[in-house]
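Now for the letters of each chain:
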Amino acid sequence: MQTITLKIINEVGLHARPAAEFVKAAAQFKSQILVRNLTRPSAAVDAKSILSVLVLGVEKGHEIELTSEGEDEVQAIQSLRALVESDFAGKF
Amino acid sequence: MTDELKGIAAAPGLAKGPALRWDRGPQEVPKFVPANIPAEKGRLLAARRIAIEQLHELTDQVVEQTSAAEAALFEAQAMFLEDAALVSKAEAVIDSGVNAEEAWHQACEFYAVQLESLPDETLRARSADVRDVGQRVIEILTGPKATPALTTQKIIIARDLAPSQTAALDRSKVLAFCTAEGGPTSHTAILAKALGIPAVVGLGESILDVQNEMMLLVNGTTGMVTLNPSSDLLADFDRMFQADNEQRDHDAKFALEPAITTDGHRVEIAANVGNIEDTRLAIEHGAEGVGLLRTEFLFLDRNQPPDEQTQYSAYRTIMELMGDRPVVVRTLDIGGDKDVPYINFGSEANPFLGYRAIRISLDHPEEFKTQVRALIRAGAGHDLRIMFPMIATLGEAKHARELTQEAMAELPFNAALHNHDVQMGIMVEIPSVVSMADQFAKQVDFFSIFTRF
């Protein structure tokens with residue numbers, strides 16, 4: 001199992017397009033991936049579900065915790081971390 | 001008793017008539033204990049598939065008819081329909097011995113209520129999308145709820161109108177829209193403007209107390225709605241309404257006449273347009289040409305740039321609508337406030353003056369040439385002129401010209417298929433261009449002067 005904490009630097013937080021992008025990236029992995037909003041405390045939810053991610057209400061500056069478990073758990077965490085830390089590749 | 005409500009003026013115009021509530025009302029979701037649990041899950045799956053298909057069709061329709069922004073909305077709804085957490089929530093409820101409609105309703109509400117409670121406004125607004133998509137699936141499962149029959153003209157009253165509701169509306173019977181919620185960019189406002197129907201949105205809960213058939217006066221220009229107007233008010237309104245109509249008829253009658261000043265000067269009146277619908281309106285109102293076609297409508301609200309063929313068909317439709325009248329097309333002007341997800345702009349202190357418009361185009365020559373080729377093809381047999389935005393230096397003007405000529409050279413000379421005889425101009429919107437106008441004049445065929453209003 002892999003766990004990391006990330007700070008969201010994206011201007012609009014995890015809404016609409018960034019959330020969709022995040023969910024699509026998570027869906028590429030076989031591992032179970034859970035995400036939790038640490039700033040506005042929430043339960044850990046399925047990172048592959050757009051609605052679950054939206055209801056976390058992640059805004060700019062919030063911290064999220066990512067957990068992955070499964071055969072590709074390391075790649076999954078690395079890939080999502082890169083996406084978030086690159087500010088969604090500057091796409092939004 | 002006469003009462004007045006103030007809302008947000010969403011689409012201009014005056015209307016008088018009886019009210020009709022167009023709310024879905026309290027959702028009546030059928031509830032029963034299903035005989036066969038797997039069959040119930042099968043019903044839900046089938047209904048979701050149909051709903052996804054409907055949304056994809058609606059996406060295509062609105063792309064053609066109205067706007068890419070609306071299309072993105074339907075695409076987002078389709079994504080919700082495939083959400084694993086939502087589906088497994090609904091299936092878990094079915095497993096507990098509940099029918100598909102009720103289970104789906106509960107699952108959607110579970111997320112809608114959570115979204116509603118978030119502090120962020122954009123996220124809160126998604127709750128309406130979840131409910132709309134929920135209702136769509138329930139209607140597929142139960143058969144559509146009888147929509148109020150519109151046999152005579154009415155003023156439609158609703159909490160907020162969702163695209164799936166207005167799609168079924170007989171638009172010739174709608175005098176005006178009044179909604180409790182929504183802002184100037186809500187679906188209702190966008191639709192009403194496109195249809196030329198007056199609309200007032202954001203009227204608050206009070207508008208929902210209006211009963212069917214109550215007489216209303218709607219002023220979509222000021223945002224005022226009058227309930228049960230007194231006879232004096234009605235008479236005033238009739239006078240305004242008549243004057244408004246007369247003015248409109250008068251304007252319409254002379255719209256197609258040439259514009260000549262009292263001292264005999266003829267002035268060419270051309271329109272600024274931003275999509276196909278605008279172009280139709282411009283023709284109706286007597287435009288003698290298009291002075292500025294903004295091409296951003298093809299590029300915004302999508303995840304990748306439109307290909308040459310997509311651009312060609314939109315430009316071609318506009319050129320054909322305009323016939324032999326001149327059309328000045330501005331090449332892509334993104335950046336500044338008009339961001340697109342597929343180009344990395346980086347972050348800037350003042351994006352309006354920074355990396356945008358022609359500077360982006362010159363850095364992405366292939367995309368720029370794709371647009372030029374689409375234009376050269378669409379302009380065959382028409383008076384097409386190409387204009388470059390945000391030119392600051394002679395070098396940029398020269399570079400844009402060269403790239404345009406390169407793109408033209410990629411298409412064979414054939415007047416029936418391609419327009420190789422295109423004027424190239426620049427938008428004058430940066431002070432340096434003004435002070436060097438004489439030198440720019442040698443580089444380009446025309447200037448467009450950028451003014452606000």
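It should be emphasised that the depicted structure is a prediction, and the values quoted were computed from it without experimental measurement.

**Let's talk about the overall build of chain B**
A tally of helices and strands in chain B yields 15 helices and 16 strands. For chain B, with 453 residues in total, the buried portion stands at 46%. When contacts within chain B are restricted to residue pairs at least 6 apart in sequence, long-range pairs at least 24 apart make up 65% of them. By element, 54% of the accessible surface of chain B is carried by carbon and sulfur atoms, the whole surface being about 22000 Å².

**Considerations on the overall build of chain A**
Check the secondary structure of chain A and you find three helices and four strands. Mapped in sequence order, the helices and strands of chain A form the string β-α-β-β-α-β-α. In chain A, which comprises 92 residues, the proportion classed as buried is 49%. In chain A, of all internal contacts separated by at least 6 residues, the share reaching a separation of at least 24 is 71%. With an accessible surface of roughly 4100 Å², chain A has 49% of that area assigned to carbon and sulfur atoms.

**Here we look at the pattern of salt bridges**
For the structure on display, the rule yields 31 salt bridges over all chains. Salt bridges sharing common partners tie together B:Glu308, B:Glu366, B:Lys369, B:Arg373, B:Arg377, B:Glu406 and B:Glu410.

**Structural notes on the packing of aromatic side chains**
All names here are of chain B. The tally for this structure, following the rule as stated, stands at three aromatic pairs over all chains. Here the aromatic rings of Phe110 and Tyr111 are separated by 4.9 Å at their centres, their planes lie at 90 degrees, and the arrangement is edge-to-face. The interplanar angle of 45 degrees and the centroid separation of 6.1 Å between the aromatic rings of Phe368 and Phe388 together place this pair among those described as tilted. With Phe368 in helix 12 (residues 365–378) and Phe388 in strand 14 (residues 384–388), the pair connects residues that are 20 residues apart, well separated along the chain. Using a relative accessible area of 2% as the deciding quantity, one classes Phe368 as buried.

**Overview of the packing of helix 12 of chain B against helix 13 (residues 394–409) of chain B**
Residue and element names in this part refer to chain B. Two numbers describe how helix 12 lies on helix 13: the axes approach to 9 Å, and their chain directions differ by 60 degrees. As far as their axial angle goes, helix 13 and helix 12 are oblique. Of the two elements, helix 12 crosses helix 13, and the hand of that crossing is right-handed. Facing Pro365, Phe368, Lys369, Val372, Arg373 and Ile376 of helix 12, the residues of helix 13 in contact are Ala400, Leu403, Thr404, Glu406, Ala407 and Met408.

**Section: the side chain of B:Asn275**
Residue and element names in this part refer to chain B. The topology assignment puts Asn275 in the loop between strand 11 (271–273) and helix 9 (276–284). Within polar-contact distance, the side chain of Asn275 engages the backbone nitrogen of Asp278 at 2.8 Å. In this structure Asn275 touches Phe297 and Ile318, once residues within four positions along its chain are discounted.

**Structural notes on the packing of helix 10 (residues 308–322) of chain B against helix 12 of chain B**
All names here are of chain B. Running from N to C, helix 10 and helix 12 point in directions that differ by 40 degrees, and their axes come no closer than 8 Å. In this view, helix 10 runs oblique relative to helix 12, as classed from their interaxial angle. Crossing of helix 10 against helix 12: the hand is right-handed. Across from Glu308, Gln309, Gln311, Tyr312, Tyr315, Arg316 and Met319 in helix 10, the residues of helix 12 making contact are Thr370, Gln371, Arg373, Ala374, Leu375, Arg377 and Ala378. For the contact of helix 10 with helix 12, the per-class residue count stands at six nonpolar, four polar and four charged.

**As for the confidence of the model for chain B**
Residues and elements named next belong to chain B. When pLDDT is averaged across chain B, the result is 86; 88% of the residues are at 70 or more. Confidence, read as mean pLDDT per element, is least for helix 6 (residues 163–166) in chain B (66) and greatest for strand 14 (97). This complex was scored by the predictor with a pTM of 0.49 and an ipTM of 0.86.

**What to know about the pairing of strand 2 (residues 32–37) of chain A**
Residue and element names in this part refer to chain A. Here strand 2 shows a buried face lined by Ile33, Val35 and Asn37 and an unburied face lined by Gln32, Leu34 and Arg36. In this sheet, strand 4 (residues 63–69) lies alongside strand 2 in antiparallel orientation, the contact comprising six bridges. Counterpart to Arg36 in the pairing with strand 4 is Glu65. As judged from the two bridges shared by strand 2 and strand 3 (residues 45–46), these two strands associate in the antiparallel manner. Residue pairing across strands places Leu34 opposite Asp46, the latter belonging to strand 3.

**Observations regarding the sheet that holds strand 2 of chain A**
All names here are of chain A. Sheet architecture is open: four strands sit in the order 1-4-2-3, paired in antiparallel fashion. This sheet does not close on itself; its edge strands, each paired only once, are strand 1 (2–7) and strand 3. Here strand 1 pairs with strand 4 via six bridges, running antiparallel. Bridged to Ile4 within strand 4 is Leu66.

**A few points about the sheet that holds strand 7 (residues 215–219) of chain B**
Pairing between sheet strands relies on hydrogen bonds along the backbone, with the strands arranged either parallel or antiparallel. Residue and element names in this part refer to chain B. If you walk across this open sheet you meet the eight strands as 1-8-7-3-4-5-6-2, and the pairing is mixed. At either margin of the open sheet sits one strand with a lone partner, and together these are strand 1 (3–6) and strand 2 (8–11). Going across the sheet, the axis of each strand differs from the next one's by a mean of 30 degrees, ignoring polarity. Bridge count between strand 2 and strand 6 (residues 199–201): three bridges; the pairing is antiparallel. What sits directly across from Ile8, in strand 6, is Val201. Most of the contacts of helix 8 (residues 231–255) go to strand 3 (residues 14–21), to which it runs at about 120 degrees, and overall it touches strand 3, strand 7 and strand 8 (224–227).

What counts, and where the lines are drawn
- Residues numbered from 1 in each chain as written.
- Chains lettered and ligands numbered in written order.
- Predicted model: local features only at pLDDT ≥ 70, side-chain atom pairs only at ≥ 80, totals over all residues.
- Heavy atoms only, no water.
- Helix = DSSP H or I, 4+ residues; strand = E, 2+ residues; numbered from the N terminus.
- Buried < 20%, exposed > 50% of the residue type's maximum accessible area, 1.4 Å probe, protein only.
- Contact = heavy atoms within 4.5 Å.
- Areas by Shrake-Rupley, 256 points an atom, 1.4 Å probe, with all protein chains shown as cover.
- Salt bridge = Lys/Arg side-chain N within 4 Å of Asp/Glu carboxyl O.
- Phe/Tyr/Trp six-rings, centres within 6.5 Å; stacked < 30°, edge-to-face > 60°.
- Axes fitted to C-alpha atoms, helices over the stretch in contact; angles between N-to-C directions.
- Parallel < 35°, antiparallel > 145°, perpendicular 65-115°, else oblique.
- Left-handed = near helix turned anticlockwise from the far one by under 90°.
- Polar contact = N/O pair within 3.5 Å; in protein donor to acceptor, adjacent residues only side chain to side chain.
- Nonpolar A, V, L, I, M, F, W, Y, C, P; charged D, E, K, R; others polar.
- pLDDT = per-residue confidence, 0-100.
- Pairing = 2+ DSSP bridges.

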